[in-house]
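Below are the chains, spelled out letter by letter.
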Amino acid sequence: MKYLEEFQSPELAARLLDDIRSTVTRPWALMEVCGGQTHTIIRHGIDQLLPDEVELIHGPGCPVCVTPLEVIDRALAIAARPEVIFCSFGDMLRVPGSERDLFRVRSEGGDVRVVYSPLDALRIAQENPRREVVFFGIGFETTAPPNAMTVHQAKRLGIRNFSLLVSHVRVPPAIEAIMQSPDCRVQGFLAAGHVCSVMGIDEYPELAARHRVPIVVTGFEPLDILEGIRRTVRQLERGEHVVENAYPRAVRPEGNPVAKAMLADVFEVTDRAWRGIGVIPASGWRLSPRYRDQDAEHRFQVSDITPCEPARCRAGEVLQGQLKPSECEAFGTVCTPRTPLGATMVSSEGACAAYYLYRRLGAPAAVAQEVNPVA
């Protein structure tokens, strides 16, 4: 790939849309798994350009959004301790816990720092040997390898004052849970290309065959999304349900063997709670016994924090594709990016944030006339 503009061409988008229109003969509901794909879709009006027969359902692929409330509260409890330097990516600081967020903890005297890499947190631990440094490790298969590498490096270097608060989740079990839901309307998936660039596609053929749904590995630019939709609709119209890789410039079938080996060494698969959804079996990672001493949840004894979700926030329904953000009573009024009820309004990949940012505030907007290139 030389230029991103090649994947944002209105002329090529129009050709793909014509192909989709000429192919589709009946209604189909597709889910894009990744929040980054959701933002591309809403920003460029792709959902409004598609024929009426093709509906896009927004999935739970935002790592900030699915981090459960109890993990946020555990992070807040750890960050408030005077001996702790709590490090996180910036998008987690405004995610609301039961009563406050990390910004509030920092305003009350907690040492909360924004970093751009888990290795930054490891460096802070080296520079502050008398303080406990905790990195907030969240996300899907894409962010897990660098976090695993950092834990591995800390152990190798003998840095004892570094630990990881883990909330990593895995995509294939989430797809399984969505398909098993009695309310599921999804008939095909656009799989997240960056996840597959790490893990490959080995876990998807069995899912596609068992649930009889096409799964198309898709990128993040407008033409990537449209090509993923085109291939998924083509399979549905033909009665097919296989895995296709529409993102070969980044995804190899086997994924990244080095990253997978690091994950296998540092983590082990576990059941994991997803915010607004509940516990999904085998859907997450935790530190393996070899690295248990670097588990912040274990080190600071915060496992017994179990809060309740706010009743007014319907993020769980949004994350499961049962509700569009603008259909929530609190959306854009009580719940805004300045006063969020849930993580889907905070995160840069959250569906609610996308609808608010790109002015999908109520009734569907007028159909867009073109796919606008990214400025």
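For the structure, check the block above.
These notes cover the structure that comes with them. Keep in mind the model is a prediction, meaning the values are calculated, not measured. Within each chain, residues carry numbers counting from 1 in the order of the written sequence. Local features in this predicted model are restricted to residues of pLDDT 70 or higher, and side-chain atom pairs are both shown and tallied only at a pLDDT of 80 or more, whereas totals for entire chains, interfaces and linings draw on every residue. The side-chain figures draw on all heavy atoms in the structure; neither hydrogens nor water molecules are used.

Comments concerning the side chain of His-168
Convention followed: Note on conventions: DSSP H or I runs of at least 4 residues are helices, E runs of at least 2 residues are strands, and numbering of each starts at the N terminus. The buried label goes to any residue with under 20% of its type's maximum accessible area, the exposed label to any with over 50%, and the partly exposed label to all in between, with areas taken from a 1.4 Å probe on protein chains only. Definition of a polar contact: a pair of N or O atoms within 3.5 Å, with one able to donate and the other able to accept a hydrogen when the atoms are protein atoms, and with sequence-neighbouring residues admitted only if both atoms are side-chain atoms. The criterion used for residue contact is that any of the two residues' heavy atoms lie within 4.5 Å.
Tracing the chain through its elements places His-168 in strand 6 (residues 162–169). The exposure class assigned to His-168 is buried, which follows from its relative accessible area of 0%. Here the side chain of His-168 touches Asn-147 through a polar contact of 2.9 Å, side chain to side chain. Those residues within four positions of His-168 in sequence are excluded, and the remaining contacts are Gly-137, Ile-138, Gly-139, Phe-140, Thr-143, Ala-144, Asn-147, Phe-267, Arg-272, Ser-283, Gly-284 and Trp-285.

Some remarks on the sheet that holds strand 9 (residues 243–245)
Note the following rule: Strand pairing is defined by DSSP finding a minimum of two bridges between the two strands. Inter-axis angles, ranging from 0 to 180 degrees, are taken between N-to-C directions of lines fitted to C-alpha atoms, where helices are fitted over the stretch in contact.
Taken together, five strands build an open sheet; the order of strands is 2-1-7-8-9 and the sheet is parallel. This sheet does not close on itself; its edge strands, each paired only once, are strand 2 (54–61) and strand 9. Recorded for the sheet is a direction-independent mean angle of 25° between the axes of neighbouring strands. In the sheet, strand 1 (residues 28–34) pairs with strand 2 via six bridges, with the strands oriented parallel. Among the inter-strand pairings, Trp-28 is bridged to a residue of strand 2, identified as Val-54. Its contacts with the sheet place helix 2 (residues 35–43) against strand 1, strand 2, strand 7 (188–192) and strand 8 (215–218), and it is angled at close to 120° to strand 1.

Some words on the pattern of salt bridges
Keep this limit in mind: Here, a salt bridge means any Lys or Arg side-chain nitrogen found within 4 Å of an Asp or Glu carboxyl oxygen.
The full count for this structure, using the stated rule, is 25 salt bridges. A salt bridge links Arg-230 to Asp-19, with the nearest nitrogen and oxygen atoms 3.9 Å apart. You can see Arg-230 sitting in helix 12 (residues 222–238) and its partner Asp-19 sitting in helix 1 (residues 10–23), a full 211 residues away along the chain. Residue class for Asp-19 comes out partly exposed when judged on its relative accessible area of 31%. Note that Glu-268 and Arg-286 form a salt bridge whose closest N and O atoms lie 2.7 Å from each other. Of this pair, Glu-268 sits in strand 10 (residues 267–274) while Arg-286 sits in strand 11 (residues 278–287), placing them 18 residues apart in sequence. The exposure class assigned to Arg-286 is partly exposed, which follows from its relative accessible area of 39%. Connected through shared salt-bridge partners, Asp-19, Glu-227, Arg-230, Arg-231, Arg-234 and Glu-244 make up one network.

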